[in-house]
Amino acid sequence: MKKILLLATAALLTAACGNNEKKADDPLADSGRTQRTENLLENLKAIGDSTVYLFGHHDDTVYGIGWEADYSNDSTIHQRSDVKSVCNDYPALLSFDLGHIELGDSLNLDGVPFQRIRQEIIAHYDRGGMITLSWHVNNPLSGGTSWVADSLKEVETKTVASILEGGEKHELFLSWLDKVAEFLNSLETPYGVRVPVLFRPWHEHTGSWFWWGQEHCTADQYKALWKLTCERLKDKGVVNVLYAYSPGTEADGDETKYMERYPGDDIIDLLGLDCYCFAPEADTTQIAHYAATLDKNLGMVCRIAKQHGKAAAATETGYECLKAQDWWTKTLAPVLERHPLSYVLVWRNAHNRPNHYFAPYPGQQTVSDFIQFYNQKPTLFLKDVNGLYLKK
């Protein structure tokens, strides 16, 4: 088992029992978070210090190309996956989004029941995998979505100020954070363990397409938003969360720009980067530009992470429609192998949006290349990991 042995070289426990204990204590560490949450953080750092990285896919087990999970049937939990259909293994990392939980809705912004997300998270934890959560939260001032609308730009620039202390939407936003806290606190196994997750709110803030983006608030306001978020969740008893900071590529390798709105080492556990390939029709020049951009910016992220004692990751990436047959082994893998990363996450395979997918599915042209990627030594999928929540 080549990758299990690689995990051992990363100083992880790979021969210990799995997560599915009949009875389990869930002690708190000195940080106030559960010991398993702290163990996950240390193990992510250890992976980053090795030559391997976890592979992740957003919404992998709830829908894919041509299918959607049966949300009324619990027996289908964690049963289907486009990635598994291709390589007979699940991603080591699953990602889900909490958008619309703030509204009290039963479904998230992509139509997945929060109850099902909870079940999938617990199931993936029990199998030894990791979970990360994003939050495309609606605009509490305009009533719109996370995305900025030209007709509401004047409102968008006031949104962050309106939810900070003293703002007209402060109390409303606190109630939204409380709904997030309630969900995070509900991530508990039948044997009493709170599932550790990596939470990644306020992402891609160096762009301006979200209401918390660069042009819509000051650096101090953005940092205050992070502080408010973390303090409120802590006040509500959340002890199973790590936090990720994940700008886009707007800093273009400039460490000062990347860290301009960094909320602080006391808040952030992992430094990331969101970077996508937008090459039309497998344009080699555009693909090469993506690879160079990713390489340059990941180099910066990993340098800063080392300086600050943080884990590092490619928190979102991918090539929509995967138009180049060898994209996995010739474009993505060579860049990732040059950097000490904990994980890479590609975005979702939408069941209801044609040509919106970032992982292969049966019959897709990159299947053979993805299987080669899967078999490469650095890539870790679910069968390759065990002990992420145990002490080194």
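Rules and cut-offs
- Residues numbered from 1 in each chain as written.
- Predicted model: local features only at pLDDT ≥ 70, side-chain atom pairs only at ≥ 80, totals over all residues.
- Heavy atoms only, no water.
- Helix = DSSP H or I, 4+ residues; strand = E, 2+ residues; numbered from the N terminus.
- Buried < 20%, exposed > 50% of the residue type's maximum accessible area, 1.4 Å probe, protein only.
- Contact = heavy atoms within 4.5 Å.
- Areas by Shrake-Rupley, 256 points an atom, 1.4 Å probe, with all protein chains shown as cover.
- Lys, Arg positive; Asp, Glu negative; His and termini not counted.
- Charge placed at Lys NZ, Arg CZ, Asp CG, Glu CD.
- Disulfide = S-S within 2.5 Å.
- Phe/Tyr/Trp six-rings, centres within 6.5 Å; stacked < 30°, edge-to-face > 60°.
- Polar contact = N/O pair within 3.5 Å; in protein donor to acceptor, adjacent residues only side chain to side chain.
- Core = buried A, V, L, I, M, F, W, Y, C linked by side-chain atoms within 4.5 Å.
- Salt bridge = Lys/Arg side-chain N within 4 Å of Asp/Glu carboxyl O.
- Axes fitted to C-alpha atoms, helices over the stretch in contact; angles between N-to-C directions.
- Parallel < 35°, antiparallel > 145°, perpendicular 65-115°, else oblique.
- Left-handed = near helix turned anticlockwise from the far one by under 90°.
- Nonpolar A, V, L, I, M, F, W, Y, C, P; charged D, E, K, R; others polar.
- Expected span 1.5 Å × (residues − 1).

A. Representation of the overall build of the chain. Within the chain, the secondary structure is distributed over 11 helices and 11 strands. Principal axes of the C-alpha set define a box for the chain whose edges measure 55 × 55 × 45 Å. Taking all 392 residues of the chain together, 61% fall into the buried category. Counted over contacts in the chain with a minimum sequence separation of 6, partners at least 24 positions apart contribute 77%. For the chain, the accessible surface area stands at approximately 15200 Å², while carbon and sulfur atoms represent 49% of it. Distance between charge centres in the chain, computed from 38 positive and 52 negative side chains, equals 5 Å.

B. Representation of the state of the cysteines in the model. Taken as a whole, this structure holds 0 disulfides when the rule is applied. Cysteine Cys217 is unpaired, with the sulfur of Cys230 as its nearest cysteine sulfur at 15 Å. On the basis of relative accessibility, which here comes to 7%, the residue Cys217 falls in the buried class. No disulfide involves Cys321; its sulfur sits 11 Å from the nearest other cysteine sulfur, which is in Cys277.

C. Structural view of the packing of aromatic side chains. Under the criterion given, the structure shown has 31 aromatic pairs. Ring geometry for Trp135 versus Trp202: centroids 5.5 Å apart, planes at 50°, classification tilted. You can see Trp135 sitting in the loop between strand S5 (130-134) and helix H5 (153-163) and its partner Trp202 sitting in the loop between strand S6 (197-200) and helix H7 (219-235), a full 67 residues away along the chain. The pair Trp135 / Trp202 is uniform in exposure class, with both members buried. Linked through ring pairs, Trp135, Trp147, Phe173, Phe199, Trp202, Trp209, Phe210, Trp211, Trp212, Trp226 and Tyr243 together constitute an aromatic cluster.

D. Spatial organisation of the side chain of Thr317. Among the structural elements, Thr317 can be located in strand S9 (residues 311-319). Overall, the relative accessible area of 0% leaves Thr317 in the buried class. There is a polar contact of 2.5 Å between the side chain of Thr317 and the backbone oxygen of Cys275. Leave out the neighbours within four places in its chain, and Thr317 touches Cys275, Tyr276, Tyr290, Leu332, Val344, Leu345, Val346 and Trp347.

E. Summary view of helix H10 (residues 327-336). Counting buried positions along H10 yields 8 of 10 residues, so the element is predominantly enclosed. Every buried residue of H10 is listed here: Trp327, Trp328, Thr329, Thr331, Leu332, Ala333, Val335 and Leu336. The inward-facing, buried residues of H10 abut strand S1 (53-58), strand S8 (270-277), helix H9 (284-308), S9, strand S10 (343-346) and helix H11 (367-375).

F. Spatial organisation of the nonpolar core. Ranked by size, the top nonpolar core spans 125 residues in total, and within it Ile121, Met130, Leu133, Trp135, Trp202 and Trp327 carry the most contacts. No other element matches the 10 residues that H9 contributes to this core.

G. Representation of the pattern of salt bridges. Across all of its chains, the model carries 14 salt bridges by this definition. A salt bridge links Asp269 to Arg33; the shortest N-O distance between them is 3.0 Å. Here Asp269, found in the loop between helix H8 (255-258) and S8, pairs with Arg33, found in the loop between helix H1 (2-9) and helix H2 (35-48); they are 236 residues apart in sequence, far enough to count as distant. Accessibility classification places Asp269 together with Arg33 in one group, the buried group. With a shortest N-O distance of 3.2 Å, Arg200 and Asp274 are connected by a salt bridge.

H. The packing of H9 against H10, seen in detail. In contact at an axis separation of 9 Å, H9 and H10 are set at 20° when each is read in the N-to-C sense. What the angle tells us is that H9 and H10 run roughly parallel. In this structure, H9 meets H10 at a crossing whose hand is right-handed. On H10, the residues touching Ile287, Tyr290, Ala291, Leu294, Asp295 and Leu298 of H9 are Trp327, Thr331, Leu332, Val335 and Leu336. In the contact of H9 with H10, the residues fall into 9 nonpolar, 1 polar and 1 charged.

I. The environment of Leu94, seen in detail. Along the chain, Leu94 falls in strand S4 (residues 93-97). Classification of Leu94 by relative accessible area gives buried; the value is 0%. When the C-alpha atoms of Leu94 and Ile371 are compared, they prove to be 19 Å apart, with 277 residues separating the residues in sequence.

J. Seen up close, helix H6 (residues 170-185). End to end, H6 covers 22 Å across 16 residues, agreeing with the expected 22 Å (1.5 Å per residue, within 8%). Of the residues making up H6, those classed as buried are His170, Phe173, Leu174, Trp176, Leu177, Val180, Ala181, Phe183 and Leu184. On its buried face, H6 sits against helix H4 (114-126), S5, H5, S6, H7 and strand S7 (241-245).

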